[in-house]
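Listed below, chain by chain, are the residues.
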Amino acid sequence: MRAEDYKISNEKFVLRQTGQQLHDEKFETKPVSYFRDAFGRFTRNKASIAAAYIIGILFLFAFIAPIVTPYKVSDEDANYAYVFPKNELFYKLGVPFWDGGRKMGVTEASYTLYRGIQEETGRTVIMTEPEVREEEYMGKQISYYDFRLDSYNAVGVKFVLLKYEEYVALQQYQDENNVQVIFPITDPALRPEAEHDKTNANIWYRTKLGAGRKTTVIYDENGRFIPIYLADDGRDEYTSRMYWEGDTKLYNYAEPKDGNMWNVRVDYREYYKYIHYLADDGIEYPSFLFGANNAGKDLFICLASGARFSFVLAIIVASVNLFVGAVYGSIEGYYGGKIDLMMERFVDILASIPLMIVITLLKYHFNVSHIFILFIAFFLTGWTGMAARTRMQFYRFKNQEFVLVARTLGAKDSRIMFKHIFPNAIGTLITGSVLVIPNVIFSETSLSYLGIINLSTGSLTSVGTLLATGQNFLFTYPHMILFPSIFISLLMLSFNLFGNGLRDAFNPSLRGTEE
Amino acid sequence: MGFAIPRFRIYFAYLFGHPTYLNPPRKEAFGSRACVIIMYMFKYICKRIGLMLVTFTIIFVTCFVLVKLLPADTSSVGIGEDANKIIAQMVSRGYMKYDDASRKYINTPILEQLARYLRRIFLEGDFGIGFNMPEYRGRSVWSVFIEKLPPTILINIYSSLLAVPTGIALGIFAALKKNKWQDHLISTIVMVFISVPAFVYASLVLYIICFKFSALPLGVASLPDIVQAYPENGFLYVPGEFNWPLYFNKKMFLSMLPAVFSMSFGSIAHYARYTRAELTEVLTGEFMLLARTKGLTKSQATVRHALRNAMVPIFPSIIGEFVSVLSGSLIIERIFQIPGVGGLYLASINSMDYDFFMMLSGFYLLVGLLAGLVVDLSYGVIDPRIRMGAK
């Protein structure tokens, strides 16, 4: 049969759906948006979820801790330097862990001193029964006492110099609050002769200068300490109702010094409460959750404020880098060719400058705060990475059909760049800038650790400085480096896991591969 | 090969615009396809080295100018005979000159200083002298640098030698046991070790190994210690010299071990993760199936086929690691008090000693750039499928 035989006249054709509206059929399923898809994939990754929670906790720690604890970074008390971490709960329960105690192995002289403090203040200093062990040291048998020492109560009593009015106010405080703060002063003539014990207020008992110019205790016939309190000679104007063990005015409670000053012997724990009562800053008895550093600063607040500073710096740097890098990278990637080549050479050079050189030059050239220098240095060396990422993404997408369509429809360059291509690149960019945060924190920590950047002014400190200080006391007071190390390790670990999860989440090609 | 010489000439002519190239040679003169690729690569390498040198020069010169723009701080030099000697040295090096009008020593113009600095480096190998750091005052920067180099390099080499095989072995093991408990265990440990910063390991190593168990010494032994321990080698010790032989003995090695461990943990984890990722990907390849079908055992297929392919991206990073052994780690050097280049660099930053700072900055910059370049180039050398510089 020939083709002409099949010729059908035009009239026979009728539009089948005349009068009906034509449209695509609606999807039965719900559309899954890019972000919902990514979120779903992210939540299936358990490690990332755990990491996200840990980051959340560290974040809360950094931002809430400074609000809830009464301490400030500027608060320091040298008498409580190096005290150990103390968790009030553990302390009350009597758990021999995290209770402000530390295992000690000391010579008899130190052990006696602690015993004296315990006896005078009536608070537990020696927390466990001491075990005596004999050891040979330089040809002599020396006995060591191993026990758990309460590092807070071991502070005992201290001499403080007060003005007369302050002395009277302290006495009034005693009467009002019914606590004994002022302890009887020791007789200056009977104080230990050894040079380094002369100013030790805790020696309230009779001693003599023993062999090797060491202070040796003289006991009475019952083996008890013999007090050397200064008998009342009428010079001391002590009017408080609070008396030492019921002795009404048997002793002097202060000795006059030059210039209307009085040397007062105070129970330091109560006195600490008193000075903070005067300052009205909400601090009562000393108790440092993470212990105290060599200056007697609360490490909890130091770490929290260091962490807060790191977080704030890192987030600012990450967002500025993201912004500048995204704009620069979009222009590079979108226009390509000569523009790209030139801009890329500039980035190449900038990206090869070591951070150390930038910091050094900035530090010596501009006499501004180190915080600002850090920010500028991280910005100068950091945004190039973000630009490179954006550029890659733009290269990936700029030749795809949807861009061609948009251009055919008459979209301007800026519209294509930021409305069409950029949303496709945003997943990678978000992942990138989240991973900038731990890098910035790590670099900042390293730089302050190395002492190139010094962020420790009165009211600010940084994790790196805490680590560097802790390093010097690693063997003697390991708690000083323990908590900052835990913080930085947890932070790095959780950001790594979180970043991995985020990277997988924003990678649509992984869709459905997990099952 | 008989035609090796003419072919080489053609490459050079091609590259450097020799007249021969103006009359393009016959196509067959270039020889096989491999030769074309080699020539192409050679050109690419030259280009990359050129670019690297340009980058280096720009940064170095900018750095020099910016450093020299700082007000010269000669106050720390002090006064007296030593100070006069230092000033004389600086004058002879062209940093300062005597100004008759103000009767003071003033700085010479920066560009003049730069010109003389570069000429000194290239013609005399003289990087200047130290004048702000009391211990190195008046000493040649280069000799101090050479003296500090061995501990830095050795610790890095030891840690690389430990890290690379261990890491790769762990990675292979994890990949072969994919999704079994061994793999999960290794992957978890690797994740922890990658994340935790080196100074945390260093503290742990110091506290546990060196302090609690006293298994290893606390710091790196100094050369006088070594001479004391091995008096028969005493004649080798010349203060302020290279002193290589004294670094190879048991005492020095043991004292370096804590630092080596601290440095290698992160590296081991890095290689283990990288190897596992690459190898698991390669193991699923179709050529592996083919290898098994043609009768190879699993281990034969893994070693001969999978591992070789997996090494393509890993090998460049090993090479990169061995280039950057020169630079070391500032933090590890500080913690273990290693008398190395890092400590010197920190000291030069803190006391702003121009010559030391310039030389060491240049050194670190060059090592960094070189390591990056070597890594990039070795990709193409190892895997001929990768055409370098291709768009």
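Notes on the structure in this doc start here.

## Section: the interface of chain A and chain B
Contacts between the two partners involve 36 residues from chain A and, on the opposite side, 37 residues from chain B. Counting each side, the surface lost to burial between chain A and chain B is near 3,100 Å², with a carbon and sulfur contribution of 78%. Among the residues of chain A in contact with chain B, Tyr364(A), Leu450(A) and Phe475(A) are the three that bury the most area, contributing 20% of the side total. Run the count over chain A and chain B and you get zero salt bridges. Applying the counting rule to chain A against chain B returns six residue pairs in polar contact (both at pLDDT 80 or more). Of all elements in the fold, only α8 (337–352), α9 (355–365), α12 (413–450), α13 (463–472) and α14 (479–505) of chain A reach the threshold of two or more residues within the side of chain A that touches chain B. In terms of residue class, the side of chain A that touches chain B is built from 21 nonpolar, 12 polar and three charged.

## Regarding the packing of helix α7 (residues 181–195) of chain B against helix α10 (residues 250–283) of chain B
Residues and elements named next belong to chain B. Relative orientation of the contacting elements α7 and α10 amounts to 135 degrees, with a least axis distance of 8 Å. Comparing their axes, α10 and α7 come out oblique. For the element pair α7 and α10, the recorded crossing hand is left-handed. Contact residues: Asp183, Ser187, Val190, Met191, Phe193 and Ile194 in α7; Phe265, Gly266, Ala269, His270, Ala272, Arg273 and Arg276 in α10. Looking at the contact of α7 with α10 residue by residue, the classes come out as seven nonpolar, three polar and three charged.

## Let's talk about the sheet that holds strand β2 (residues 131–137) of chain A
Paired through their backbone hydrogen bonds, the strands of a sheet run either parallel or antiparallel. Residues and elements named next belong to chain A. Reading across from one edge, β1-β3-β2 is the order of the three strands in this open sheet, with antiparallel pairing throughout. Each edge of the open sheet carries a strand with a single partner, namely β1 (101–107) and β2. If you compare each strand with its neighbour and ignore which way they point, the axes differ by 30 degrees on average. The strands that helix α4 (residues 108–121) touches are β1 and β3 (140–150); relative to β1, the one it contacts most, it runs at about 130 degrees.

## Observations regarding the packing of helix α6 (residues 141–176) of chain B against α7(B)
Residue and element names in this part refer to chain B. Relative to each other, α6 and α7 sit at 140 degrees, their axes nearing to 8 Å. One way to sum up the angle between α6 and α7 is to call them oblique. The element α6 and its partner α7 pack so that their crossing is left-handed. On the side of α6, the interface is formed by Leu170, Phe173 and Ala174, while α7 contributes Gln182, Asp183 and Ile186. Each residue belonging to the contact of α6 with α7 can be placed in one class, and the counts come to four nonpolar, one polar and one charged.

What counts, and where the lines are drawn
- Residues numbered from 1 in each chain as written.
- Chains lettered and ligands numbered in written order.
- Predicted model: local features only at pLDDT ≥ 70, side-chain atom pairs only at ≥ 80, totals over all residues.
- Heavy atoms only, no water.
- Contact = heavy atoms within 4.5 Å.
- Buried area = accessible area lost by both parts, 1.4 Å probe.
- Salt bridge = Lys/Arg side-chain N within 4 Å of Asp/Glu carboxyl O.
- Polar contact = N/O pair within 3.5 Å; in protein donor to acceptor, adjacent residues only side chain to side chain.
- Helix = DSSP H or I, 4+ residues; strand = E, 2+ residues; numbered from the N terminus.
- Nonpolar A, V, L, I, M, F, W, Y, C, P; charged D, E, K, R; others polar.
- Axes fitted to C-alpha atoms, helices over the stretch in contact; angles between N-to-C directions.
- Parallel < 35°, antiparallel > 145°, perpendicular 65-115°, else oblique.
- Left-handed = near helix turned anticlockwise from the far one by under 90°.
- Pairing = 2+ DSSP bridges.

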